[in-house]
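Each chain, letter by letter, is given below.
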Amino acid sequence: ATPPQREAIAAVGARLADPLAGGVAVLKGATGTGKTFCVASIVAERGLPALVIAPNKLLAFQLYAELKGLLPDNAVEYFVSYYDYFRPESFAASADLFSPKRSKVNARLDDLRHAATQSLADRRDVVVVASVSCLFGLGVPRDYGAHRVATLGDDLLSVVDDVLVNTLDYRVDDETDDTVVGL
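Source: prediction; values computed, not measured. (Residues numbered from 1 in each chain as written. Predicted model: local features only at pLDDT ≥ 70, side-chain atom pairs only at ≥ 80, totals over all residues. Heavy atoms only, no water.)

Explain the environment of Glu-77 to me, using residue names and the numbers behind them.
You can see Glu-77 is positioned in strand β2 (residues 75-79). Taking the C-alpha atoms as reference, Glu-77 lies 9.5 Å from Leu-120; in sequence the two are 43 residues apart. Setting aside its immediate chain neighbours within four residues, Glu-77 contacts Tyr-64, Ala-115, Ala-116, Ser-119, Val-126, Val-127, Val-128 and Val-129. At 2.6 Å, the side chain of Glu-77 forms a polar contact with the side chain of Ser-119. (Helix = DSSP H or I, 4+ residues; strand = E, 2+ residues; numbered from the N terminus. Contact = heavy atoms within 4.5 Å. Polar contact = N/O pair within 3.5 Å; in protein donor to acceptor, adjacent residues only side chain to side chain.)

Break down the packing of helix α1 (residues 3-17) against helix α2 (residues 35-46) for me, with residues and values.
To describe two helices that pack against each other, one gives the angle between their axes and the distance between the axes. Direction vectors running N to C along α1 and α2 enclose 50 degrees, while the axes themselves pass 10 Å from each other. Here α1 is positioned oblique relative to α2, judged by the angle of their axes. Taken as a pair, α1 and α2 cross one another with a handedness that is right-handed. Between α1 and α2, the residues in contact are Gln-5, Ala-8, Ile-9, Val-12, Gly-13, Leu-16 and Ala-17 and Phe-37, Cys-38, Ser-41, Ile-42, Glu-45 and Arg-46, respectively. Partitioned by chemical class, the residues of the contact of α1 with α2 number eight nonpolar, three polar and two charged. (Axes fitted to C-alpha atoms, helices over the stretch in contact; angles between N-to-C directions. Parallel < 35°, antiparallel > 145°, perpendicular 65-115°, else oblique. Left-handed = near helix turned anticlockwise from the far one by under 90°. Nonpolar A, V, L, I, M, F, W, Y, C, P; charged D, E, K, R; others polar.)

Tell me about the pairing of strand β1 (residues 50-54), residues and numbers included.
Here β1 shows a clear split, with Ala-50, Val-52 and Ala-54 buried on one side and none of Leu-51 and Ile-53 buried on the other. Here β1 pairs with strand β7 (residues 126-131) via five bridges, running parallel. Across the sheet, Ile-53 pairs through a bridge with Ala-130, a residue of β7. (Buried < 20%, exposed > 50% of the residue type's maximum accessible area, 1.4 Å probe, protein only. Pairing = 2+ DSSP bridges.)

So what's going on with the pattern of salt bridges? Which residues, and what values?
Summed over all chains, the structure comprises one salt bridge. Ionic pairing is found between Asp-125 and Arg-123, a salt bridge with its closest N-O pair at 2.8 Å. (Salt bridge = Lys/Arg side-chain N within 4 Å of Asp/Glu carboxyl O.)

Can you lay out the environment of Val-132 for me, pointing to particular residues and giving the numbers?
Following the sequence through the fold, Val-132 ends up in the loop between β7 and α5 (141-145). For the pair Val-132 and Lys-57, spaced 75 residues apart in sequence, the C-alpha to C-alpha distance is 8.6 Å.

Quick one: what's the story with the environment of Ala-54, residue by residue and with numbers?
By the element assignment, Ala-54 lies in strand β1. Sequence spacing of Ala-54 and Val-80 is 26 residues, and the spatial spacing of their C-alpha atoms is 9.6 Å. Once you skip the residues sitting within four places of it in the chain, Ala-54 turns out to touch Leu-59, Ala-60, Leu-63, Ala-130, Ser-131 and Val-132.

Which residues make up the nonpolar core, and what values do they have?
Counting residues in hydrophobic clusters, the biggest one holds 17 residues, and the most contacted among them are Leu-67, Leu-71, Val-76, Tyr-78, Val-127 and Val-129. At the level of elements, α2, β1, α3 (57-70), β2, α4 (107-122) and β7 are the ones that each hand at least two residues to this core. Looking at this core element by element, the count peaks at four residues for α3. Ranked by size, the runner-up nonpolar core spans seven residues in total, among them Phe-79, Leu-120, Val-126 and Ala-130. (Core = buried A, V, L, I, M, F, W, Y, C linked by side-chain atoms within 4.5 Å.)

Would you mind going over the pairing of β7 in detail, with residue names and values included?
Among the six residues in β7, six count as buried, and that is most of the element. Bridge analysis of β2 against β7 gives five bridges, and the strand direction is parallel. From the neighbouring strand, Val-76 faces β7, where its bridge partner is Val-127.

Below, the structure written as C-alpha cells:
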C-alpha cells in the first residue's frame, strides 16, 4: 500500500469504528488512486459484510472482478438490476401517442442477485457489489428485510436504508405505497 492508501485505510477504519458514524463510510477519490485496494484491505481486516455501490453496471462489474481477485476467500457477489433493457411507459401529448413499457430481464443477472441474498444469509465474509439502480427495485429496504429469515443480512439492509435516507437524502413517499421517490 502507498502512503496515501494507508492514510485512507486508517481514516475509513476510524470512521467505521466511530459510533456516531453508524458503521457507514464513503470512500471517494480519483480514478487510479487505489480505492478498490483500500476497500479490499478494510474488508479483509475487519471480516465484516460490506456493500460497495457503483454508479452503473459496467463499473460494478469491474469492481466485482477486482474485489474477487483481491478477496479470493470471501463471498464477493454481484447485485445489479436484472434488466438488459428497460424503457418506461411514456405518453407524447403532442402526438397523442402512448408507448407501453418495454423491458428484457436477464435470468443470469437475476440468479446473481439471488446468490448475493443467499450469501448474506449463509456467510459473514460477504462483499456485495451493486449498482445504484438496483436499489430502486428493492423498494424500502426495511420492508424487504422483514421477509428474510436470517438476521445477518438485516444489519446490512439497515445500513443500506440509513445510507439512502441520511447520506444520499433519498426520501420515502408514504402516500404512494412506500416507494422510494428520489433525491
